[in-house]
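Understanding the architecture of this molecule
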Amino acid sequence: QVQLVESGGGLVQAGGPLRLSCAASGSIFSINAMGWYRQAPGKQRELVAAITSGGRTNYADSVKGRFTISRLNAKNTVYLYLQMNSLKPEDTAVYYCNAEGWAVAGPFGSWGQGTQVTVSS
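The paragraphs below set out a description of the structure included in this document. (Residues numbered from 1 in each chain as written. Predicted model: local features only at pLDDT ≥ 70, side-chain atom pairs only at ≥ 80, totals over all residues. Heavy atoms only, no water.)

1. So, the overall build of the chain
A count of helices and strands for the chain gives 0 helices and 11 strands. Going from the N terminus to the C terminus, the chain shows its helices and strands as β-β-β-β-β-β-β-β-β-β-β. Its C-alpha atoms give the chain a radius of gyration of 14 Å, within 12% of the compact-globule value 14 Å for 121 residues. By its C-alpha atoms, the chain is 45 × 25 × 25 Å across when sized along the principal axes. For the chain, the proportion of its 121 residues judged to be buried stands at 41%. (Helix = DSSP H or I, 4+ residues; strand = E, 2+ residues; numbered from the N terminus. Rg over C-alpha atoms; globule rule 2.2 N^0.38 Å. Buried < 20%, exposed > 50% of the residue type's maximum accessible area, 1.4 Å probe, protein only.)

Rendered as structure tokens:
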């Protein structure tokens, strides 16, 4: 079983920064890709940024140049970060961490519980 726990959300003024963190732990053999998604009220969940095990990154057009995704492999935990700069009110959403890979029990795809990001104008 693989658990993802997010942290770092909160209330920030427009133009300010915020950093999200996600810790992936459990019986993990390898993680192929990790990503951040977000869901605003009344909207579908959308990909914000993703990173592969090889470090290849992909960003939504709306966050390019403002957000940076990064990943750190520790001994028993893989950490995923999202540095968000120049935040806009339209970035307000619940942000979810996602990971896909291989665990002891087989392939997995897991989601975190979500963390609220609110950007005030």
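Moving on, there is more to tell.
2. Description of the nonpolar core
Generally speaking, nonpolar side chains in soluble globular proteins are found buried as a group. By size, the foremost hydrophobic cluster in this structure holds 32 residues, and its most contacted members are Met34, Trp36, Leu82, Met84 and Tyr95. Elements supplying a minimum of two residues to this core: β1 (2-7), β3 (18-26), β4 (28-39), β5 (46-52), β7 (67-73), β8 (77-84), β9 (93-103) and β11 (115-120). Of all the elements, β9 adds the most residues to this core, at 5 residues. (Core = buried A, V, L, I, M, F, W, Y, C linked by side-chain atoms within 4.5 Å.)

3. Comments concerning the state of the cysteines
A full pass over the atoms with the stated rule returns 1 disulfide. Between the sulfur atoms of Cys22 and its disulfide partner Cys97 the distance amounts to 2.1 Å. Residues Cys22 and Cys97 are joined by a disulfide whose S-S torsion is about -80°; by sign, that bridge is left-handed. Of the two residues, Cys22 is situated in strand β3 and Cys97 in strand β9; the sequence distance between them amounts to 75 residues. (Disulfide = S-S within 2.5 Å.)

4. Comments concerning the pattern of salt bridges
Scanning the entire structure with this criterion turns up 4 salt bridges. With its nearest N and O atoms 3.0 Å apart, the salt bridge here joins Asp91 to Arg38. One end of the pair, Asp91, is in the loop between β8 and β9; the other, Arg38, is in strand β4, with 53 residues separating them in the sequence. Neither residue differs from the other here; Asp91 and Arg38 are each classed as buried. (Salt bridge = Lys/Arg side-chain N within 4 Å of Asp/Glu carboxyl O.)

5. Details of unusual backbone geometry
One non-glycine residue, Ser86, lies in the positive phi region at around 50°. Among the secondary structure elements, Ser86 is positioned in the loop between β8 and β9.

6. So, the pairing of β5
The two faces of a sheet get side chains in turn, since along a regular strand they alternate between them. Of the pairings in the sheet, the one linking β4 to β5 comprises 6 bridges and is antiparallel in character. Paired with Ala33 across the two strands is Thr52, which belongs to β5. Two strands pair when backbone bridges link them, and β5 and strand β6 (residues 57-59) are joined in this way by 3 bridges, in the antiparallel orientation. Within β6, the position partnered with Ala49 by the bridge is Tyr59. Two successive antiparallel strands, β5 and β6, enclose a turn made up of 4 residues, where Gly55 displays a positive phi of approximately 90°. (Pairing = 2+ DSSP bridges.)

7. Describing a nonpolar patch on the surface
Nonpolar side chains collect at one region of the surface, where Phe29, Trp102 and Val104 lie side by side and expose about 380 Å² of accessible area between them. Its location among the elements puts Phe29 in strand β4. Residue classification places Phe29 among the exposed residues on the basis of a relative accessible area of 63%. (Patch = residues over 30% accessible without salt bridge, like charges linked within 9 Å, V, L, I, M, F, W, Y side chains within 5 Å. Areas by Shrake-Rupley, 256 points an atom, 1.4 Å probe, with all protein chains shown as cover.)

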